[in-house]
Amino acid sequence: MRPDKIYFEPEVLDYDLGHQLKEQFHDIEWKPIENHNNIEELRKKENSEFASMKQLLIIGIRKTHKYSENHKVSDYLVPYTSSGCTAMCLYCYLVCNYNKCSYLRLFVNREQMMDRLIRTSNKSDRELTFEIGSNSDLVLENTITGNLPWTIENFLQSKKGKLTFPTKFNMVEPLLPLSHQGRVIFRMSVNPQQIISSAEVGTASLKHRIEAINKMVEADYKVGILIAPVIMLEDWKALYTELLDQLMEGLSEKMKKQMFIEIIFMTYSFVHRKINSEAFPEAIDLYDQDRMTGRGMGKYCYRPELRAEGEAWLLGEIERRFGKGKILYFS
Ligand code: SF4
């Protein structure tokens, strides 16, 4: 990524990563800000400017370090080195309060965050798994900061524990030679190519994602697949049949043997509709009045009977191709 402009908290230059970024982007305008959470100039922008705001980079210091309990692949969701992303998935769950936090924010105090991870892991009487990628896409972030090899190597200083993160990108080369000791769970999010092209703007193609999965498995990482979010367009069965067939054909035998699958149905919101209608007027409308129902606070999800049909269908199709016991959960 080559940002159009960088907004930065001046204290970031007290950190090694802050310096590294300053050198890396020395020929780009750097504008000082007081707080990465509240950049007035950006807060006032119109929704129609959403795509151009994605070309900005915000660099700050993460102040909130509270872990949230989780009971899926990980034990805790950990606020880590970035928030937001440069891609523009129409349903992105990181979009909040209109466009205030849609852009990529990098946090340079990684030593502090790593120290806390190691201490929490060592203190626990059982092996904990930490989800470090719930606020951004770390594979994308890594192309700017190099934080992933740094993270994987430094986390090995803890006596136990695992890290996990999901991605929609394929730039995994820097991870392949690392000595990870089996303590990293890599999860690739997939969707039918037609949905990637129309609703996951700026992310990797399905073909490249499948190639990245196979490379990570060859490098002995534990690898999972997220079918997420399942988007129930009118021809959803045809689209997801094609996806499952491509996975069956493209995934290596080693991956098929060890993989697990998480399945998450899309939720959508009034905020998404508003931003997307003004920022991407030509884009596909993910809201479907007949198929969706309100879930409170301006949110929508698929109607229970449609969702139940989706779960049963996916279960049957996945078992038929990949065998029983591969699905970790539906959400
Ligand atoms: S890749 Fe992930 S973080 Fe980036 S826009 Fe898409 S859903 Fe959001």
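Everything in this summary refers to the structure shown in the same document. Being a predicted model, the structure only gives us computed values, none of them experimental. (Residues numbered from 1 in each chain as written. Predicted model: local features only at pLDDT ≥ 70, side-chain atom pairs only at ≥ 80, totals over all residues. Heavy atoms only, no water.)

**A closer look at unusual backbone geometry**
What you tend to see is this: most non-glycine residues have negative phi, and most peptide bonds are trans.
(1) Moving on: Here the amide bond leading from Ala228 into Pro229 is cis, since omega sits at -15°, within 30 degrees of zero.
(2) Moving on: Positionally, Pro229 belongs in strand β13 (residues 222-230).
(3) Moving on: Non-glycine residue Gln181 carries a positive phi angle of around 55°.
(4) Moving on: Along the chain, Gln181 falls in the loop between β10 (162-167) and β11 (184-190).
(5) Moving on: Phi at Asp220 is positive, roughly 70°, even though this residue is not glycine.
(6) Moving on: Here Asp220 is to be found in the loop between α8 (206-218) and β13. (Helix = DSSP H or I, 4+ residues; strand = E, 2+ residues; numbered from the N terminus.)

**Here's the deal with the pattern of salt bridges**
Oppositely charged side chains can pair when the atoms bearing their charge come close.
(1) Moving on: Summed over the entire model, instances satisfying the criterion amount to 25 salt bridges.
(2) Moving on: In this structure, Arg187 engages Glu131 in a salt bridge whose closest nitrogen and oxygen atoms are separated by 2.8 Å. Of this pair, Arg187 sits in strand β11 while Glu131 sits in strand β9 (residues 129-131); the two residues are 56 residues apart in sequence, bridging distant segments of the chain.
(3) Moving on: For Glu131, a relative accessible area of 5% gives the class buried.
(4) Moving on: Between Glu200 and Arg209 there is a salt bridge whose closest N-O contact spans 2.9 Å.
(5) Moving on: Because the salt bridges share partners, they merge into one network encompassing Asp245, Glu317, Arg320 and Arg321. (Salt bridge = Lys/Arg side-chain N within 4 Å of Asp/Glu carboxyl O. Buried < 20%, exposed > 50% of the residue type's maximum accessible area, 1.4 Å probe, protein only.)

**Brief notes about the sheet that holds strand β17 (residues 299-302)**
(1) Moving on: Taken in spatial order, the three strands of this open sheet run β15-β17-β16, and their pairing is antiparallel. Unpaired on one side and paired on the other, β15 (267-269) and β16 (292-294) mark the two borders of the sheet. Here the strands of the sheet are splayed against their neighbours by 35° on average, with no regard to which way each runs.
(2) Moving on: Inspection of the sheet shows β16 paired to β17 by three bridges, in the antiparallel sense. Bridging from a neighbouring strand, Gly294 pairs with Tyr300 of β17.
(3) Moving on: With respect to the sheet, helix α11 (residues 270-279) is in contact with β15 and β17, its orientation differing from that of β15 by roughly 65°. (Pairing = 2+ DSSP bridges. Axes fitted to C-alpha atoms, helices over the stretch in contact; angles between N-to-C directions. Contact = heavy atoms within 4.5 Å.)

**What to know about the site of the ligand**
(1) Moving on: Lining the immediate surroundings of the ligand are Cys85, Ala87, Cys89, Cys92, Leu94 and Lys168.
(2) Moving on: Looking at the shell around the ligand, its residues break down into five nonpolar, no polar and one charged. (Near = heavy atom within 4 Å. Nonpolar A, V, L, I, M, F, W, Y, C, P; charged D, E, K, R; others polar.)

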